[in-house]
Amino acid sequence: MSVGLEHIRRQMADYLNAHGVPAALSWPGTPREERGGPVVLVSLRGCRAGPAGFHNYMGERFNPDTGHWEEVYGRKAELTFGLDLYAPEQGDGEALQTAFDALAGALLLGGPEGMELQEFSCGQTVRDGENRRLKRPVEAVCTAYLCAVSRVGGEFIDFELRGVAKT
């Protein structure tokens with residue numbers, strides 16, 4: 001059964017790429033292409049979910065595509081993303097700093113649809129001698145709603161990621 005997290009790393013990577021920040025999945029299942037410049041590797045380091053309503057019930061909505069009413073259930077989730085930056089080790093790290101600035105700018109613009117940035121932090125840049133790269137660990141904590149939709153009567157249709165209201 002789907003719990004709504006299958007594509008969340010891809011959603012973050014796609015958002016960053018669309019905002020000019022080169023990003024890839026940290027565990028893609030296939031070999032990654034070698035990049036000459038900085039790249040953000042996206043992982044999901046944590047997920048904490050709690051109730052979003054009475055017995056997770058969030059109300060009903062009318063689906064104009066099917067012509068039926070649907071019940072919505074969900075949980076509020078806190079998602080911790082690893083957004084580690086890697087760059088070739090040549091130079092003084094300026095390219096890595098520039099990439100970090102672009103990453104911070106993209107996240108502070110609002111983040112991917114459905115996710116609201118709560119915290120953003122980074123560690124110190126270090127040399128990863130084994131991979132001949134510079135690395136700066138970065139984490140972003142976002143909130144979102146993981147929702148299940150069911151037809152009136154109890155048949156669950158699907159889980160999806162739903163966002164918090166952006167102000």
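Residues numbered from 1 in each chain as written. Predicted model: local features only at pLDDT ≥ 70, side-chain atom pairs only at ≥ 80, totals over all residues. Heavy atoms only, no water.

(A) Structural context of the overall build of the protein chain. Within the protein chain, the regular secondary structure consists of two helices and nine strands. Beginning at the N terminus, the succession of helices and strands in the protein chain can be written as α-β-β-β-β-α-β-β-β-β-β. Looking at the protein chain residue by residue over its 167 residues, the buried ones come to 38%. In the protein chain, 63% of the contacts between residues at least 6 apart in sequence involve partners at least 24 apart. Accessible surface for the protein chain amounts to roughly 9800 Å². Of this, 51% is attributable to carbon and sulfur atoms. (Helix = DSSP H or I, 4+ residues; strand = E, 2+ residues; numbered from the N terminus. Buried < 20%, exposed > 50% of the residue type's maximum accessible area, 1.4 Å probe, protein only. Contact = heavy atoms within 4.5 Å. Areas by Shrake-Rupley, 256 points an atom, 1.4 Å probe, with all protein chains shown as cover.)

(B) Up close: the pattern of salt bridges. Taken as a whole, this structure holds six salt bridges when the rule is applied. Between R45 and E139 there is a salt bridge; the shortest N-O distance is 3.3 Å. With R45 in strand β2 (residues 39–51) and E139 in strand β8 (residues 138–151), this pair connects stretches of sequence that are 94 residues apart. Relative accessible area serves as the criterion here: at 40%, R45 is assigned to the partly exposed category. Across the pair R132 and E89 runs a salt bridge, and its minimum N-O distance is 3.6 Å. With a gap of 43 residues between them, R132 in the loop between β6 (126–128) and β7 (133–136) and E89 in the loop between β4 (68–88) and α2 (94–108) connect regions that are remote in the sequence. Among the residues examined, E89 registers a relative accessible area of 25% and is labelled partly exposed. (Salt bridge = Lys/Arg side-chain N within 4 Å of Asp/Glu carboxyl O.)

(C) Layout of the pairing of β4. Taking burial as the measure, the 21 residues of β4 include 15 buried ones, the bulk of the element. Pairing analysis gives six bridges linking strand β3 (residues 57–63) to β4, with the strands arranged antiparallel. By the bridge assignment for β4, N63 is matched with H68. In sequence, β3 turns back onto β4 through a hairpin of four residues, with G67 there showing a positive phi of about 75°. Pairing between β4 and β7: four bridges, direction antiparallel. Directly across from L85, in β7, lies its bridge partner R136. (Pairing = 2+ DSSP bridges.)

(D) Local environment of the packing of aromatic side chains. Per the stated rule, a full pass over the model turns up two aromatic pairs. With a centroid separation of 5.5 Å and 65° between ring planes, the pair formed by F62 and W69 is classed as edge-to-face. On the basis of an interplanar angle of 10° and a centroid distance of 5.6 Å, the ring pair of F100 and F120 is categorised as stacked. Of this pair, F100 sits in helix α2 while F120 sits in strand β5 (residues 116–122); the two residues are 20 residues apart in sequence, bridging distant segments of the chain. F100 gets classed as buried once you look at its relative accessible area, which sits at 12%. For F120, a relative accessible area of 25% gives the class partly exposed. (Phe/Tyr/Trp six-rings, centres within 6.5 Å; stacked < 30°, edge-to-face > 60°.)

(E) Just the pairing of β7, in detail. Sheet topology note: the β6/β7 ladder contains three bridges and is antiparallel. Bridged to D128 within β7 is R133. Where β6 folds back onto β7 in an antiparallel hairpin, the turn is made up of four residues, including R132, whose phi is positive at roughly 55°.

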